Amino acid sequence: MALPTINPTKTKSWNALNAHFNSVKDLQMKDLFAQDSNRADKFTLKWEDFYVDFSKNRITEETLKLLLDLAEEVGLKEAINSYYSGEEINETEGRAVLHTALRAPKTESVLVDGKNVIPEIYEVKEKIEKFTKEIVDGKLKGYTGKDFTDVVNIGIGGSDLGPAMVVESLQYYKNHLTTHFVSNVDGDHVNEVIKKLNPETTLFVIVSKTFTTQETLSNANTLREWFLKHGTKNDIAKHFVAVSTNIEKVKGFGIDPNNIFPMWNWVGGRFSLWSAVGLTVSLAVGYSNFESLLNGAHKMDTHFKTQDFDTNIPVILALLSVWYNNFFQAESEAVIAYSQYLNQFATYLQQGIMESNGKSVDRAGNAVNYQTGTLIWGEPGTNSQHAFFQLIHQGTKLIPADFIGFAKSLHGNKEHQDKLMSNYLAQTEALLNGKTAHEVINELEKQNASEDTIKKQLPFKIFAGNKPTNSIFIEKLTPESLGKLIAMYEHKIFVQGVVWNIFSYDQFGVELGKQLANNILKDFENKNSSNHDASTERLLEYYKSKR
Ligand code: F6P
């Protein structure tokens, strides 16, 4: 069954939310806390090692009720069933969306076109496990008989961002292999990586779902040429493996068929790190850690599928995001992780969220007249506090933020962890309460400031507060908790796509630029270039004259 095509703005609950918004938009969260001593408990979800406090949001119980009504009215329950059971919810590409099947237990059955795909998934997992063990233990060796020391992941978009983010996030769990990621078609990227490599001990993992992506194939060719300056064609089989759905193209590239790790077209690129696309993750942290990552995601899948909406973490986070995006007209959301390990987390989420929900046509093919996909951005705390927090605290824009933090540090430095987490808590508190004129005056008086100074400085030192945050507290960063966290955002994306009545699993918006780049590439060699606008024409000529 296809997803329903319900225009959310035509629902009863949307209208009710509109009216409700007018009555609550100016409420101060700190007053809501003062009025209800149970607010924090009421708006906190505890699940496994997750503690999700969403009480610092501009909502009342009525807001939550209406948002939950909206979820019912747009058919979220049925949509979740369609999502998990392999129906073609990626209608525009005629595909199921089954990254959840990649982390399902062996005993489950998930049908695609009447065929259970779980056995195939486990076949590939076994291949990943065996290969990982053989590389890590040194059973498989390079062409001169040496153990592998380095792994280069060659891919872009979902074939890069997920594995790169996970490898960085789990670097505490890493083994002796050094991992590199080459994604950009910028030749300086690949050449900087080459500088660090020894061809005798480097394994190349080419990751491309389609195996047609310009960037990945260019980088793979460059690395193969570099390799062939040292090894021979016969040595390629020992050093190059590929992950793809396009087996013929991979063979055409010269990869040994035994070195192909298949994936399936029902796994979207930006949701593919759980498939063989995660091979570099498995190589870097070992298969059992890769498996724990998948198990964590599966636990979140079960939570999302079975939990009532009012206690369902991805559902609540998605509805809050809709509340700000569509009623407060907030333009963006920040994700601030208080862990340096999650340095690339926001970048990873940008593809997941913006490639999925950056759509302006609804599921019936009509232009939407409401906002969809949020802009997503962020950097780890505390660094971001010293960079862009000024704007969140005192700028003109409303920027709801997710604060992600871990109770325990991995290296066990409690002193640092206490400082880190005091900042986490302080920032959410500051964003909630702000600082009143009265407080500023008191503070300046204590510093013996003159009346004139106080008068002059007062307006600049006031913090309006009332800035919403979600506090996502997790006990410890482990492969399993990371799996849960990533899956939590994947399901948040899904819920928002359902509410906004858009197709979240295609990405036609990335095609046009690719097509034009191919034309322009030809024009670099043409005497008379094809028709471009005057600006592009001049820029093209400028480039040709300088390159
Ligand atoms: O950017 C568009 C896109 O198709 C992404 O969705 C995908 O993750 C990326 O390109 C890479 O594609 P492939 O894995 O087929 O090389």
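Predicted model, so just to flag it, every value in this text is computed and none were measured.

**Remarks on empty space enclosed by the protein**
Under the criterion given, the structure shown has five cavities of 30 Å³ or more. The calculated volume of the largest cavity comes to roughly 80 Å³. Glu-333, Pro-400, Ala-401, Asp-402 and Asn-470 are, among the 14 residues lining the largest cavity, the residues nearest its centre. Those elements giving two or more residues to the lining of the largest cavity turn out to be α14 (313–327), β10 (332–338), β12 (401–406) and β13 (469–474).

**Section: unusual backbone geometry**
Cis peptide bonds are those with omega within 30 degrees of zero, and the linkage from Gly-381 to Thr-382 qualifies with 5°. Mapped onto the fold, Thr-382 is located in the loop between β11 (375–377) and α16 (389–394). At Gln-329, a position not held by glycine, the phi torsion is positive, near 55°. With respect to the helices and strands, Gln-329 occurs in the loop between α14 and β10.

**Some details on the sheet that holds β11**
In spatial order, the strands read β1-β2-β13-β12-β10-β11; together these six strands make up an open sheet with mixed pairing. Of all strands in the sheet, those bounded by a partner on one side alone are β1 (44–47) and β11. Ignoring strand direction, the axes of neighbouring strands in this sheet form an average angle of 15°. Pairing geometry for β1 and strand β2 (residues 50–53), over four bridges, is antiparallel. Paired with Lys-46 across the two strands is Tyr-51, which belongs to β2.

**Structural notes on the domain arrangement of the chain**
Domain assignment breaks the chain into domain 1 (8–73 + 307–433 + 467–504), domain 2 (109–291) and domain 3 (509–546). Domain 1 and domain 2 are separated by 33 Å when their C-alpha centres are compared. Where domain 1 abuts domain 2, roughly 1,900 Å² becomes buried across the two surfaces, and 63% of that area is made up of carbon and sulfur atoms. Among the residues domain 1 hides against domain 2, the three largest losses belong to Tyr-341, Tyr-348 and Pro-479. Together they make up 30% of the total. There are one salt bridge connecting domain 1 and domain 2. With a shortest N-O distance of 2.8 Å, Glu-355 and Arg-270 are connected by a salt bridge.

**Here's the deal with the nonpolar core**
General note: in soluble globular proteins, nonpolar side chains tend to be found buried as a group. By size, the foremost hydrophobic cluster in this structure holds 125 residues, and its most contacted members are Trp-266, Trp-323, Phe-345, Ile-404, Ile-472, Leu-485 and Phe-494. The dominant element in this core, judged by the number of residues it contributes, is helix α20 (residues 479–500), at 12 residues. Each of two domains, domain 1 (8–73 + 307–433 + 467–504) and domain 2 (109–291), supplies a minimum of three residues to this core. When residues no more than four places from it in sequence are discounted, the contact partners of Trp-266 are Ala-96, Val-97, Leu-98, His-99, Leu-102, Val-112, Val-117 and Ile-121. Core analysis: the next-biggest nonpolar cluster, separate from the first, contains 21 residues, Val-193, Ile-194, Val-250 and Ile-255 among them.

**Remarks on the pattern of salt bridges**
Following the criterion strictly, the structure yields 30 salt bridges and no others. Across the salt bridge formed by Lys-42 and Asp-36, the nearest N and O atoms sit 2.5 Å from each other. Since its relative accessible area comes to 38%, Lys-42 is described here as partly exposed. The class of Asp-36 is buried, set by a relative accessible area of 19%. Counted as one network, the salt bridges with shared partners bring together Glu-48, Asp-49, Lys-299, Glu-480 and Lys-484.

**Things to note about the layout of surface pockets**
By rolling a water-sized probe across the atoms, one finds the places where empty space is left. What the largest pocket holds in volume is close to 970 Å³. Lining of the largest pocket is provided by 38 residues; of these, Thr-210, Thr-213, Val-510, Glu-511 and Lys-514 occupy positions nearest its centre. Taken together, the elements giving at least two residues each to the lining of the largest pocket come down to α9 (214–228), α15 (345–357) and α21 (511–523). Ranked by the residues each element gives to the lining of the largest pocket, the list is headed by α21, at four residues. Grouping the amino acids of the lining of the largest pocket by side-chain chemistry returns 12 nonpolar, 18 polar and eight charged. Looking at the lining of the second largest pocket, the element that brings in the most residues is helix α17 (residues 414–433), giving three residues. Split by residue class, the lining of the second largest pocket holds six nonpolar, 10 polar and one charged.

**Notes on the pairing of strand β8 (residues 240–244)**
Taking burial as the measure, the five residues of β8 include five buried ones, the bulk of the element. The pairing of strand β7 (residues 202–207) with β8 spans four bridges and is classified as parallel. Paired with Val-205 across the two strands is Val-241, which belongs to β8. Strand direction decides the pairing type here: β8 and strand β9 (residues 260–262), joined by three bridges, are parallel. Along β9, the bridge assignment pairs Ala-242 with Ile-260. In this region the chain leaves β8, passes through helix α11 (residues 247–253) and returns to the parallel neighbour β9; the handedness of that crossover is right-handed.

**Topic: the packing of helix α7 (residues 161–169) against α15**
Running from amino to carboxyl end, α7 crosses α15 at an angle of 155°, the nearest separation of the two axes being 9 Å. Relative to α15, α7 is oriented roughly antiparallel. You can see that α7 and α15 cross each other, and the crossing is left-handed. Residue-level inspection shows Leu-161, Gly-162 and Met-165 of α7 in contact with α15, the latter providing Phe-345, Thr-347, Tyr-348 and Gln-351. Considering only residue class, the contact of α7 with α15 consists of four nonpolar, three polar and no charged.

**Some words on the environment of Lys-435**
Structurally, the position occupied by Lys-435 is in the loop between α17 and α18 (437–446). The spacing of Lys-435 and Ile-462 is 27 residues in sequence and 5.4 Å in space, taken between C-alpha atoms. In this structure, Lys-435 is in contact with Val-440, Glu-443, Lys-461, Ile-462 and Phe-463, ignoring residues within four places of it in sequence. Separated by 2.9 Å, the side chains of Lys-435 and Glu-443 make a polar contact.

**A closer look at the packing of aromatic side chains**
Enumeration according to the criterion identifies 36 aromatic pairs in this entry. For the ring pair Tyr-83 and Tyr-84, a centre distance of 5.2 Å and an interplane angle of 75° mean the geometry is edge-to-face. A single burial state applies to Tyr-83 and to Tyr-84, both of which are buried. Summarising the aromatic geometry, the rings of Tyr-172 and Tyr-173 are spaced 5.2 Å apart at their centres and angled 85° between planes, so their arrangement reads as edge-to-face. With relative accessibility at 37%, the residue Tyr-172 sits in the partly exposed group. Aromatic ring contacts, followed pair by pair, group Trp-14, Phe-21, Trp-323, Tyr-324, Phe-327, Phe-328 and Tyr-370 into a single cluster. Positioned over the ring face of Phe-33 is Arg-39, at 5.2 Å from the centre of the ring. Just above the ring of Phe-309 sits the side chain of Lys-77; from NZ or CZ to the centre is 4.7 Å.

Reading guide: rules and limits
- Residues numbered from 1 in each chain as written.
- Predicted model: local features only at pLDDT ≥ 70, side-chain atom pairs only at ≥ 80, totals over all residues.
- Heavy atoms only, no water.
- 1 Å grid on protein atoms, 1.4 Å probe; cavity = no way out; pocket = protein on both sides within 12 Å on 5 of 7 lines; lining within 4 Å.
- Points joined across faces, edges and corners; volume = space filled by probe spheres on them.
- Helix = DSSP H or I, 4+ residues; strand = E, 2+ residues; numbered from the N terminus.
- Pairing = 2+ DSSP bridges.
- Axes fitted to C-alpha atoms, helices over the stretch in contact; angles between N-to-C directions.
- Domains from an automatic or database assignment.
- Buried area = accessible area lost by both parts, 1.4 Å probe.
- Salt bridge = Lys/Arg side-chain N within 4 Å of Asp/Glu carboxyl O.
- Core = buried A, V, L, I, M, F, W, Y, C linked by side-chain atoms within 4.5 Å.
- Buried < 20%, exposed > 50% of the residue type's maximum accessible area, 1.4 Å probe, protein only.
- Contact = heavy atoms within 4.5 Å.
- Nonpolar A, V, L, I, M, F, W, Y, C, P; charged D, E, K, R; others polar.
- Right-handed = clockwise from strand over helix to strand, strands pointing away.
- Parallel < 35°, antiparallel > 145°, perpendicular 65-115°, else oblique.
- Left-handed = near helix turned anticlockwise from the far one by under 90°.
- Polar contact = N/O pair within 3.5 Å; in protein donor to acceptor, adjacent residues only side chain to side chain.
- Phe/Tyr/Trp six-rings, centres within 6.5 Å; stacked < 30°, edge-to-face > 60°.
- Lys NZ or Arg CZ within 6 Å of the ring centre and 35° of its normal.

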